[in-house]
Amino acid sequence: VGMLSMCCESLGDHRRALELSQEALAIASRCLPGNHPDIAAYLGQLSSCYHSAGEVDKAINIMQQCVGVVKQHLPTRRSDLCTCLNNLGLYYSQKGMLHEAIATLEECLVSRRLFLPPGHPDIGATLWNLGNAYKKGKNVVKATELLRECLSVREKNLPATHPHVIDVLWNLSSIMYDQKLYDESLQLYRRLHNILTALCPLSEDMATVCHNMGLCYVNLSNLNEAEEAFTQSLRIKTALYQQGHESIDTTERELHEVWQLKFGQ
């Protein structure tokens, strides 16, 4: 039943997966002692199913039970505990429970650093979740520190064009811009530009990168480069959207402002 639930989950049938996962836990609870590793595994699976089904509150409740079982009865299963803590911290963050999210993910990170080699992908995953939790909590200094380390880990384990690398670059570039660190933000947007040029040059993401590069150039008083970036963004948006689209209007306004600064009109 548990395996069938996992199959349904992988196929996107979250409701059926949830029903089967509930059944699997009920069967295991009747047949096994409460400290059996399979009980913890089924709790974790059920929590994941609730999360996939959009029932995050129930996912949190079940994962809290899972963490309790592992801590009390299976303390040597550090990898399992860290997986539970990482998922629980992510769920907390998604519900806006940032204090709980940060505390849980910090615990997970400390534990993973103890028994995993530096640069392990699981450390990168927790750094990503923790960095985002700090970002939501407006602690941009801590978020920047963690996401920089996350980027370093992911770049060691993944190709430069991997979505997980791209995600970190997006987040870091945004954080740097919000802190008015325009040079650093621009460097990250340039890296994104190079990646997207190879992957999807005519896309919404590329249009956004070009637009944001233009904003950085304006703040650095590099108007020629700003004009070029906004022009490229506008060219892409014109190809993607109908005339009058809000996104086109936004870039047109920025481009006109650059022309006014350049030519005084």
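Calculation rules
- Residues numbered from 1 in each chain as written.
- Predicted model: local features only at pLDDT ≥ 70, side-chain atom pairs only at ≥ 80, totals over all residues.
- Heavy atoms only, no water.
- Salt bridge = Lys/Arg side-chain N within 4 Å of Asp/Glu carboxyl O.
- Helix = DSSP H or I, 4+ residues; strand = E, 2+ residues; numbered from the N terminus.
- Buried < 20%, exposed > 50% of the residue type's maximum accessible area, 1.4 Å probe, protein only.
- 1 Å grid on protein atoms, 1.4 Å probe; cavity = no way out; pocket = protein on both sides within 12 Å on 5 of 7 lines; lining within 4 Å.
- Points joined across faces, edges and corners; volume = space filled by probe spheres on them.
- Nonpolar A, V, L, I, M, F, W, Y, C, P; charged D, E, K, R; others polar.
- Contact = heavy atoms within 4.5 Å.
- Phe/Tyr/Trp six-rings, centres within 6.5 Å; stacked < 30°, edge-to-face > 60°.
- Axes fitted to C-alpha atoms, helices over the stretch in contact; angles between N-to-C directions.
- Parallel < 35°, antiparallel > 145°, perpendicular 65-115°, else oblique.
- Left-handed = near helix turned anticlockwise from the far one by under 90°.
- Expected span 1.5 Å × (residues − 1).
- pLDDT = per-residue confidence, 0-100.

J.: For this particular structure, what's the right way to read the pattern of salt bridges?
T.: Side-chain pairing between opposite charges can occur once the charged atoms of the two side chains come close. Overall, the coordinates contain 10 salt bridges when judged by the stated rule. Two residues, Arg113 and Glu149, come together in a salt bridge whose shortest N-O distance is 2.8 Å. You can see Arg113 sitting in helix α6 (residues 98–115) and its partner Glu149 sitting in helix α8 (residues 140–157), a full 36 residues away along the chain. Given a relative accessible area of 40%, Arg113 falls into the partly exposed group. By relative accessible area, Glu149 is classed as partly exposed at 29%.

J.: Before we go on, may I ask you to explain the layout of surface pockets in this structure?
T.: In this approach, a probe sized like a water molecule rolls over the atoms, and the result shows the empty space that is left. Approximately 200 Å³ is the volume found for the largest pocket. Along the walls of the largest pocket sit 14 residues, with Ala40, Ala41, Gly44, Cys66 and Cys84 positioned nearest its centre. Listing elements by their share of the lining of the largest pocket, those giving two or more residues are α3 (37–52), α4 (56–73) and α5 (78–94). In terms of residue count, α3 provides more of the lining of the largest pocket than any other element does, 5 residues in total. Partitioning the lining of the largest pocket into residue classes produces 8 nonpolar, 4 polar and 2 charged.

J.: How do you make sense of the environment of Leu202 when you look at a structure like this?
T.: Within the secondary structure, Leu202 is located in the loop between α10 (182–199) and α11 (204–219). Filtering out sequence-adjacent residues up to four positions away, Leu202 remains in contact with Ile236, Ala239 and Leu240.

J.: For this particular structure, what's the right way to read unusual backbone geometry?
T.: Trans peptide bonds make up the majority, and among non-glycine residues the majority have a negative phi. The backbone of Lys138 shows a phi angle near 70 degrees, a positive value even though the residue is not glycine. Mapped onto the elements, Lys138 comes out in the loop between α7 (121–136) and α8.

J.: It is not clear to me how the packing of aromatic side chains should be interpreted in this structure. Could you clarify?
T.: Between two aromatic rings, the relevant description is the distance of the centres plus the angle of the planes. All chains considered together, the criterion is met by 2 aromatic pairs. Ring geometry for Trp170 against Tyr189: centres 6.5 Å apart, planes inclined by 75 degrees, an arrangement best described as edge-to-face. Taken together, the residues Trp170 in helix α9 (residues 163–178) and Tyr189 in helix α10 connect sequence positions 19 residues apart.

J.: Would you mind showing me how to read the packing of α5 against α7 here?
T.: For any two helices packed against each other, the geometry comes down to the angle between their axes and how far apart the axes lie. Two numbers describe how α5 lies on α7: the axes approach to 10 Å, and their chain directions differ by 25 degrees. Considered as vectors, α5 and α7 are oriented roughly parallel to each other. Considering only the axes of α5 and α7, their crossing is left-handed. In this structure, α5 uses Asn86, Leu90, Ser93 and Gln94 to contact α7, whose residues at the interface are Ala125, Thr126, Asn129, Ala133 and Lys136. The residue makeup of the contact of α5 with α7, split by class, is 3 nonpolar, 5 polar and 1 charged.

J.: I keep staring at the side chain of Asn129 and nothing clicks. Help me out?
T.: Mapped onto the elements of the fold, Asn129 is located in helix α7. Those residues in contact with Asn129 that lie beyond four places of it in its chain are Asn86, Leu90 and Leu105.

J.: Would you mind showing me how to read α11 here?
T.: A turn of α-helix holds 3.6 residues, and therefore any two residues three or four places apart point the same way. Look at α11: 23 Å from first C-alpha to last across 16 residues, which is about the 22 Å you get at 1.5 Å a residue. Taken as a whole, α11 has its buried residues at Met206, Ala207, Val209, Cys210, His211, Asn212, Met213, Gly214, Leu215, Cys216 and Tyr217. The elements touched by buried residues of α11 are α9, α10, α12 (223–240) and α13 (246–263). With its phi angle positive at about 60 degrees, Ser221 sits one or two positions after the end of α11.

J.: What is the right way to read the confidence of the model for the protein chain from this model?
T.: If pLDDT is low for a region, its predicted coordinates should not be looked at in detail. Overall, the predicted model of the protein chain reaches an average pLDDT of 93, with 98% of residues at or above 70. When mean pLDDT is compared element by element in the protein chain, α11 scores highest at 98, while helix α1 (residues 2–10) scores lowest at 73.

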